[in-house]
Amino acid sequence: MTCATPRQEVPPAPRPARPLLLCGDAHWQAATGAELSALGQRDALVVADSPPDAVARLAIAPQRFSHLLVQPDAAGELLGDMLGLTGRGHGMAPSLVLLGRQPAGKPVPPAAIVDDPPTPGWLAPALAWQSPAGGSPQPISGDDARRALAEGGVRVLYQPMVWLADRRPGGMEALARLEHPVWGRLEPARFLPAVEAAGLLHELTRAVVARAFAEWHAGQLRELGMGIGLNLPLDVLLLPGLAGWLDARCAAAQLTPFNLVVELTETQPVLDVPALGVAVAALRQRGYRVSIDDVGPGQRDPTALLRLPFTSVKLDMALVHHAAESADARAYLRRLIDTAHTAGMIVVAEGIEDGDIWGRMQALGADAGQGYGIARPLPAVAVPIWHRAWTDGVRIPA
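So, a few notes on the structure that sits alongside this text. (Residues numbered from 1 in each chain as written. Predicted model: local features only at pLDDT ≥ 70, side-chain atom pairs only at ≥ 80, totals over all residues. Heavy atoms only, no water.)

Proteins that are soluble and globular tend to have nonpolar side chains buried together. Met82, Leu260, Phe310 and Met361 are the most contacted members of the largest nonpolar core, which has 102 residues in total. Residues in contact with methionine 82, not counting those within four places in the same chain, are Leu22, Pro51, Ala54, Val55, Leu58, Leu68, Val70 and Ala75. By size, the runner-up hydrophobic cluster in this structure holds 15 residues, among which are Leu36, Leu45, Val97 and Val114. (Core = buried A, V, L, I, M, F, W, Y, C linked by side-chain atoms within 4.5 Å. Buried < 20%, exposed > 50% of the residue type's maximum accessible area, 1.4 Å probe, protein only. Contact = heavy atoms within 4.5 Å.)

Laid out in structure tokens, this is it:
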């Protein structure tokens, strides 16, 4: 892959936060409009006209919403995707207000509940309510992880990567999430320790591949022409039959090897570099691309790995952010990027959250970027909408 002629384009500034409404019947819209008029804020409301529209509005990074006012019945099967996007990370998620009854048997994060029908004056306290920083207070147990895997609890979100020179979409990283009956959708920090301790990394990998490849095969991802980055821990990457296993699953999903980037995760230390080199070479011979993930001075020493036939390297988010204030970090990045380029690798900067970081990483020589200033992790249904908006240079109006 190559980058087009550089242009100094950066993501736009965030819009002011406003409440987002998704409801399926007229009385909720009328009640909400009347309440906003009484508060003198009629123009503040944003109305999503469908569940996919609501998901996309929540997912696209430049938009900010203070509250998500959602009628569970109207959200239907996409309610889980909306709830998955209300995590409190990066200060981007709205507080959740459920209009009417809660869905039976489904975990719902802390939310304000408005009775159906609503009583006059219901909106002001609902908009004053703030969702706490939710989530499990500690990692789940191995039994919980085993049960979730057995019951099909693995979900996949996709975080886009774009070229810094011209903003073209270049790929997306598949990120695992796990559904828990009490805590809802969990991020890796909450379940990976249990998965590793219970020896379930292979099972998790198979579940993520099955889910991501099925969503690719469904067409909404395949038609975008973006590759998928798949995180694999070291012991899975070293399995003798891995390349053949991937071949079979790629063929079934109509995914060419070139459209798959195998990303070596940081979860396990590399003790046998020659063995890793053999595994990487086997994948490259079949046409797969292979990336080194989360490279930085606080991680593994990348010197030996940069001599292996990797196709790309991803810069650790903490290092990317530290470069704003540290000349040593910037010098380290320049050396690392120059070394990677000399080896013919593409350099991807993680943690691109604003225009300053974008410009700094581009000036240091990074080729591509990924982060909340581009897009937060998206459910599959939102990726095509993000792609269309980003490619057209516009954002869905808030």
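The subject of this paragraph is the environment of glycine 371. Along the polypeptide, glycine 371 turns up in the loop between β14 (368–370) and α15 (383–392). For glycine 371, a relative accessible area of 5% gives the class buried. Along the sequence, glycine 371 and aspartate 354 sit 17 residues apart, while their C-alpha atoms lie 8.9 Å from each other. (Helix = DSSP H or I, 4+ residues; strand = E, 2+ residues; numbered from the N terminus.)

Along its 17 residues, helix α8 (residues 201–217) runs 24 Å from first to last C-alpha, staying within 8% of the 24 Å computed at 1.5 Å per residue. Among the residues of α8, Leu201, Leu204, Thr205, Val208, Val209, Ala212, Phe213, Glu215 and Trp216 are the ones counted as buried. Projected down its long axis, α8 shows its buried positions confined to an angular sector of 155°, all on one face. Of the residues trailing α8, glycine 219 is marked for its positive phi of about 110°. (Expected span 1.5 Å × (residues − 1). Arc of directions from axis to C-beta.)

Our focus in this paragraph is unusual backbone geometry. The omega torsion of the bond from aspartate 116 to proline 117 falls at 5°, within 30 degrees of zero and hence cis. Relative to the helices and strands, proline 117 is located in the loop between β5 (112–114) and α5 (123–128). Residue glutamine 254 is not a glycine yet carries a positive backbone phi of 55°. Relative to the elements of secondary structure, glutamine 254 occurs in the loop between α10 (242–253) and β10 (260–264). The backbone of aspartate 294 shows a phi angle near 55°, a positive value even though the residue is not glycine.

Okay, the side chain of histidine 67 next. Looking at the element boundaries, histidine 67 is found in strand β3 (residues 65–70). Of the residues examined, histidine 67 reaches a relative accessible area of 2% and is grouped as buried. At a separation of 3.1 Å, a polar atom in the side chain of histidine 67 contacts the side chain of serine 66. If near-sequence neighbours (up to four positions away) are discounted, histidine 67 is found in contact with Arg18, Pro19, Leu20, Pro94, Ser95, Val97, Ala126, Leu127, Ala128, Trp129 and Gln130. (Polar contact = N/O pair within 3.5 Å; in protein donor to acceptor, adjacent residues only side chain to side chain.)

Time to look at helix α11 (residues 273–285). Two residues of an α-helix separated by three or four positions point the same way, owing to the 3.6 residues in each turn. Taking 1.5 Å of rise per residue, 13 residues should cover 18 Å, and α11 covers 18 Å from first to last C-alpha, within 8% of that figure. All of the buried residues in α11 are Leu276, Gly277, Ala279, Val280 and Leu283. Along the axis of α11, the buried residues cluster in a sector spanning 165°; they form a single face. Projecting away from the buried face of α11 at angles above 90 degrees are the exposed residues Pro274, Val278 and Gln285. As for α11, its buried residues are in contact with α9 (234–237), α10, β10 and β11 (289–295). With a side-chain oxygen positioned 3.1 Å from the backbone nitrogen of alanine 275, the residue opening α11 is aspartate 272. Among the residues trailing α11, glycine 287 stands out with phi positive, at a value near 100°.

Here we take up the sheet that holds β5. In spatial order, the strands read β2-β1-β3-β4-β5; together these five strands make up an open sheet with parallel pairing. The open sheet is flanked by β2 (46–47) and β5, the only strands paired with a single partner. Where strand β1 (residues 18–22) meets β2, two bridges bridge the pair, whose relative direction is parallel. Considered in β2, the bridge of leucine 20 is made with valine 46. Docked against the sheet, helix α2 (residues 51–59) engages β1, β2 and β3, running at close to 155° with respect to β1. (Pairing = 2+ DSSP bridges. Axes fitted to C-alpha atoms, helices over the stretch in contact; angles between N-to-C directions.)

With that settled, consider the pairing of β1. Buried residues dominate β1, accounting for four of its five residues. Note: β1 against β3, four bridges, orientation parallel. Residue pairing across strands places leucine 21 opposite leucine 69, the latter belonging to β3.

In this section: the pattern of salt bridges. A complete count under the given rule lists 10 salt bridges for this structure. Aspartate 166 serves as the salt-bridge partner of arginine 168, at 2.7 Å between the closest nitrogen and oxygen. Classification of arginine 168 as partly exposed rests on a relative accessible area of 35%. Classification of aspartate 166 by relative accessible area gives buried; the value is 8%. Across the salt bridge formed by lysine 314 and glutamate 263, the nearest N and O atoms sit 3.4 Å from each other. Taken together, the residues span a long stretch of sequence, with lysine 314 in strand β12 (residues 312–315) and glutamate 263 in strand β10 at a distance of 51 residues. Through salt bridges with shared partners, one network takes in Glu173, Glu263, Lys314 and Glu350. (Salt bridge = Lys/Arg side-chain N within 4 Å of Asp/Glu carboxyl O.)

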